[in-house]
Amino acid sequence: SISPVEKNRTNVKTPMFVRSKDRCHIMTRTPVYNKSGSVLTYNFRYTAGEESFRPDEVQKKHVKHIIIGFYVRRHLEQFSFENAFGMTSLPLTQDITKFSKPLPANRFFLHLQEKQEATPTFQHQVNQLRREAMTIAADVYTIVYTNWYKEIYTISYAVIDMSKDIEEQFFLAKNIVKKYPNIKIICDRCDNVNKAQIAFEAGADYV
């Protein structure tokens, strides 16, 4: 016979585990390298949650899922190689600062999203991340047309999108380098060897 307690236990339904729709997936992993072929870092692009497979649309609500899923719970080396560096475009949120140590920050390149605001709060956060040894990159348009231009010393890499307005972006990049000679230029979206060669000839440090 079944006791009343055991009978009640059998009637209790176990709550179903439901994965968050904000959980993201890796879309691409691209090496960022110089003229000699030495890899600086790997650039990762992620889905914006479970439902959007368009690149570069990650929102603040996705940041925690990306950091925990691909840099904390599962280590970066599972998707690249030992002692590799990772780079990705994320909106600035407190989650980045919160998880900067387990990332770890000294092997992480944060590519600021296009037109990322440069409020005093975000500028302070970027300086905090730099003190943790995190590397900061930003598109040339983001640098020139926002207040990041006044904080240019916080940015180590200016990124050029080789899929649009190449001449204009290189012109702006040269002005950035004049203001801050320590900054390096990365050319993104070099879809073929020819584009990579054009980028290097135009003055890119990495593609």
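Worth saying up front: this structure is predicted, and the values here are computed from it rather than measured.

Caption draft 1: Fine view of the nonpolar core. One finds Y71, L110, M134 and C187 to be the most contacted residues of the largest nonpolar core, which totals 49 residues. Looking at which element gives the most residues to this core, the answer is helix α2 (residues 60–72), with six residues. With residues near it in sequence (within four places) discarded, M134 still touches I96, S100, L103, A105, F108, L110 and L129. Among the nonpolar cores identified, the runner-up in size contains nine residues, and V32, F109, V159 and I186 belong to it.

Caption draft 2: The pattern of salt bridges, seen in detail. Tallied over the full model, the rule gives four salt bridges. For K101, the salt bridge goes to E132, with nearest N and O atoms at 3.0 Å. Linking K101 in the loop between α3 (94–98) and β4 (108–112) with E132 in the loop between α4 (120–131) and β5 (135–139), this pair joins segments that are 31 residues apart in sequence. Given the relative accessible area of 60%, K101 is considered exposed. With a closest N to O distance of 3.9 Å, D191 and K195 form a salt bridge. Residue D191 is classed as exposed on the basis of its relative accessible area of 62%.

Caption draft 3: View of the packing of aromatic side chains. Tallied over the entire structure, the rule returns eight aromatic pairs. When the ring of F85 is compared with that of F109, the centres are 6.1 Å apart and the planes differ by 85 degrees; the resulting orientation is edge-to-face. Placement of F85 in the loop between α2 and β3 (86–90) and of F109 in strand β4 is noted, with a sequence separation of 24 residues between them. When its relative accessible area of 30% is taken as the criterion, F85 is described as partly exposed. For the pair Y157 and Y206, a centre-to-centre distance of 6.1 Å together with 70 degrees between the ring planes defines the contact as edge-to-face. Placement of Y157 in strand β6 (residues 157–161) and of Y206 in the segment after α7 (193–202) is noted, with a sequence separation of 49 residues between them. One aromatic cluster in this structure is built from F85, F109, Y157 and Y206. Note that R29 overlies the ring of Y42, its terminal NZ or CZ placed 4.6 Å from the centroid.

Caption draft 4: Here's a closer look at the sheet that holds β6. Taking strand neighbours across the sheet as the criterion, the seven strands line up as β1-β2-β3-β4-β5-β6-β7 in an open arrangement whose pairing is mixed. Because the sheet does not close on itself, it has two edges, and the strands there are β1 (26–33) and β7 (184–188). This sheet shows a mean twist of 30 degrees between the axes of neighbouring strands, independent of strand direction. As paired elements, β3 and β4 share five bridges and run parallel to each other. Within β4, the position partnered with M87 by the bridge is F109. Where α2 meets the sheet, its contacts fall on β1, β2 (39–46), β3 and β4, and the angle it forms with β2 comes to roughly 130 degrees.

Criteria and cut-off values
Residues numbered from 1 in each chain as written. Predicted model: local features only at pLDDT ≥ 70, side-chain atom pairs only at ≥ 80, totals over all residues. Heavy atoms only, no water. Core = buried A, V, L, I, M, F, W, Y, C linked by side-chain atoms within 4.5 Å. Buried < 20%, exposed > 50% of the residue type's maximum accessible area, 1.4 Å probe, protein only. Helix = DSSP H or I, 4+ residues; strand = E, 2+ residues; numbered from the N terminus. Contact = heavy atoms within 4.5 Å. Salt bridge = Lys/Arg side-chain N within 4 Å of Asp/Glu carboxyl O. Phe/Tyr/Trp six-rings, centres within 6.5 Å; stacked < 30°, edge-to-face > 60°. Lys NZ or Arg CZ within 6 Å of the ring centre and 35° of its normal. Pairing = 2+ DSSP bridges. Axes fitted to C-alpha atoms, helices over the stretch in contact; angles between N-to-C directions.

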